[in-house]
Amino acid sequence: MKLSAIQEEKWLALRRRLSYIWVVWGLFPLGIMFVLMLVVASPEANADAGTVKQQERLVTERRSQAVLAVSALLFFVGFSLDGRWTDAERVGQRILRAVGGDDLKSRPVKLAKKCAQLAERADLAIRAVKRSVVMLTGTGLVMGVLAVGAGVAKLPLVSGLQLLALAAIFQVFVVSRHPYYGELVEAALCGELVEFDDENDKK
């Protein structure tokens with residue numbers, strides 16, 4: 001099923017919105033966090049390591065591991081929620097329920113008409129993508145703040161760099177999802193997120 005001009009515009013607008021959010025609220029803040037982390041951590045990095053007691057080093061190392069673990073947990077939570085919220089089958093089932101559920105499947109209507117009915121609720125797929133993107137953006141921002149917080153807490157510079165590296169990897173993950181989001185929304189706009197095997201569809 002080919003997209004209409006209005007559907008095409010919706011799809012392109014979503015793609016532009018995703019790119020804008022990723023750059024303005026993902027990459028740009030990450031760069032700012034990197035600079036801030038260097039500023040707050042540089043005095044600690046220049047301090048004489050020989051003056052730090054063994055016990056203090058152990059405590060600092062444990063704090064660093066704890067902050068890194070929290071950041072990794074955020075990564076996992078963001079990854080898991082995104083996969084759940086934008087799963088094509090789940091989104092397709094929500095759209096199907098919105099237009100009549102199993103009644104639409106069993107109704108003796110041509111496949112093209114069924115797809116058209118599903119396409120009318122493509123906004124559910126667009127909303128799922130937007131909600132997931134907002135969640136991922138917020139997660140990325142928190143991960144960047146943790147890196148700055150590591151510097152404020154006088155953790156080693158390497159800990160802050162590790163946190164920023166994880167945040168950067170997270171941003172790569174986020175942008176890697178954009179093609180999938182595009183495919184999901186395009187399929188929703190075409191009414192193709194639900195498969196019909198009713199013999200009436202062949203008529």
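Report follows, based on the coordinates. As the structure is a computational prediction, the values presented were derived from the model and not from experiment.

Quick look at unusual backbone geometry
Item 1. You will see that Lys 154, though not glycine, has its phi angle at about 65°, which is positive.
Item 2. Among the secondary structure elements, Lys 154 is positioned in the loop between α6 (123–152) and α7 (157–176).

Let's talk about the packing of aromatic side chains
Item 1. For the structure on display, the rule yields five aromatic pairs.
Item 2. Seen in terms of ring centroids, Phe 79 and Phe 173 are 5.4 Å apart; in terms of plane orientation they differ by 50°. Their pairing is tilted. Of the two residues, Phe 79 is situated in helix α2 (residues 54–85) and Phe 173 in helix α7; the sequence distance between them amounts to 94 residues.
Item 3. A network of ring pairs unites the aromatic residues Phe 75, Phe 79, Phe 170 and Phe 173 as a single cluster.
Item 4. A cation sits over an aromatic face here: Arg 15 above Trp 11, 4.8 Å from the ring centre.
Item 5. Sitting above the plane of the Trp 85 ring, Arg 131 keeps its charged end 4.2 Å from the centroid.

A short note on the environment of Val 172
Item 1. Assignment of secondary structure puts Val 172 in helix α7.
Item 2. Under the relative-accessibility criterion, Val 172 is labelled exposed at 53%.
Item 3. When the C-alpha positions of Val 172 and Gly 26 are compared, they lie 10.0 Å apart, and in sequence the two are 146 residues distant.

Here's the deal with a negative patch on the surface
Item 1. A surface patch of negative charge is lined by Glu 8, Glu 183, Glu 186 and Glu 192.
Item 2. For Glu 192, the position within the fold is in the segment after α8 (178–189).

Topic: helix α5 (residues 111–119)
Item 1. Those residues of α5 not exposed but buried are Lys 114, Cys 115, Leu 118 and Ala 119. Along the long axis of α5, the arc covered by the buried residues comes to 140°, so they all point the same way. Residues of α5 that are exposed and point over 90 degrees away from its buried face: Ala 112 and Lys 113.

So, the packing of α2 against α7
Item 1. Axis separation between α2 and α7 bottoms out at 10 Å; the angle between their running directions is 5°. As judged from the angle between their axes, α2 and α7 are roughly parallel. Together, Ser 64, Val 67, Leu 68, Ser 71, Ala 72, Phe 75, Phe 79 and Asp 82 of α2 and Ser 159, Gln 162, Leu 163, Leu 166, Ile 169, Phe 170 and Phe 173 of α7 make up the contact between the two elements.
Item 2. Looking at the contact of α2 with α7, its residues break down into ten nonpolar, four polar and one charged.

So, α7
Item 1. Here α7 is 20 residues long and its end C-alpha atoms lie 29 Å apart, about the 28 Å a rise of 1.5 Å per residue gives.
Item 2. Within the sequence span of α7, burial applies to Ser 159, Gly 160, Leu 163, Leu 164, Leu 166, Ala 167, Phe 170, Gln 171, Phe 173 and Val 174. The arc that holds the buried residues of α7, viewed along the axis, is 165°, so those residues lie on one side.

Points about the pattern of salt bridges
Item 1. Tallied over the full model, the rule gives four salt bridges.
Item 2. A salt bridge links Asp 82 to Arg 177; its shortest N-O distance comes to 2.5 Å. Of the two residues, Asp 82 is situated in helix α2 and Arg 177 in the loop between α7 and α8; the sequence distance between them amounts to 95 residues.
Item 3. The salt bridge partner of Arg 127 is Asp 123, with a shortest N-O separation of 2.5 Å. Here the residue Arg 127 and the residue Asp 123 both occupy positions in helix α6, the gap between them amounting to four residues, near one helical turn.
Item 4. Here Asp 123 falls in the partly exposed class, since its relative accessible area comes to 27%.

What counts and what doesn't
In this convention, every chain numbers its residues from 1, walking through the sequence in written order. Only residues with pLDDT of 70 or above have their local features reported here, since the model is predicted, and side-chain atom pairs are shown and tallied only from 80 upward, although totals for entire chains, interfaces and linings are computed over all residues. Computation of side-chain values: all heavy atoms of the structure, hydrogens and water removed. The way it works is that DSSP assigns letters per residue, a run of H or I at least four long becomes a helix, a run of E at least two long becomes a strand, and they are numbered from the N terminus. Classification of ring pairs uses Phe, Tyr and Trp, with its six-membered ring standing for Trp, and accepts pairs whose centres are within 6.5 Å; under 30 degrees between planes counts as stacked, over 60 as edge-to-face, and the remaining range as tilted. Only lysine NZ and arginine CZ atoms are considered, and such an atom sits over a ring when it is within 6 Å of the ring centre and within 35 degrees of the ring normal. Residue burial is assigned from relative accessible area. The probe radius is 1.4 Å, only protein chains are included, and a residue is buried under 20% of its type maximum, exposed over 50%, and partly exposed in between. Two distance rules govern patches: like charges are joined within 9 Å, and nonpolar side chains (Val, Leu, Ile, Met, Phe, Trp, Tyr) within 5 Å, applied only to residues with over 30% relative accessible area and no salt bridge. Calculation of accessible area relied on Shrake-Rupley with a 1.4 Å probe; when residues are assessed, cover is drawn exclusively from the protein chains displayed. Definition used for salt bridges: Asp or Glu carboxyl oxygen within 4 Å of a side-chain nitrogen of Lys or Arg. By the counting scheme adopted, Arg and Lys are positive, Glu and Asp are negative, and His together with the chain ends is not counted. To locate a charge, take NZ of a lysine, CZ of an arginine, CG of an aspartate or CD of a glutamate. Summarising the geometry, the arc corresponds to the directions from the helix axis toward the C-beta atoms. Comment: axis = line fitted to C-alpha atoms, over the contacting stretch for helices; angle = value between 0 and 180 degrees taken between N-to-C directions. Oblique is the label for any angle not under 35 degrees, not over 145, and not in the 65 to 115 range, which are roughly parallel, roughly antiparallel and roughly perpendicular in turn. We call two residues in contact when some of their heavy atoms are within 4.5 Å. Charged residues are taken to be Asp, Glu, Lys and Arg, nonpolar residues to be Ala, Val, Leu, Ile, Met, Phe, Trp, Tyr, Cys and Pro, and polar residues to be all remaining types, Gly included. An expected span of 1.5 Å times one less than the residue number is assigned to each helix.

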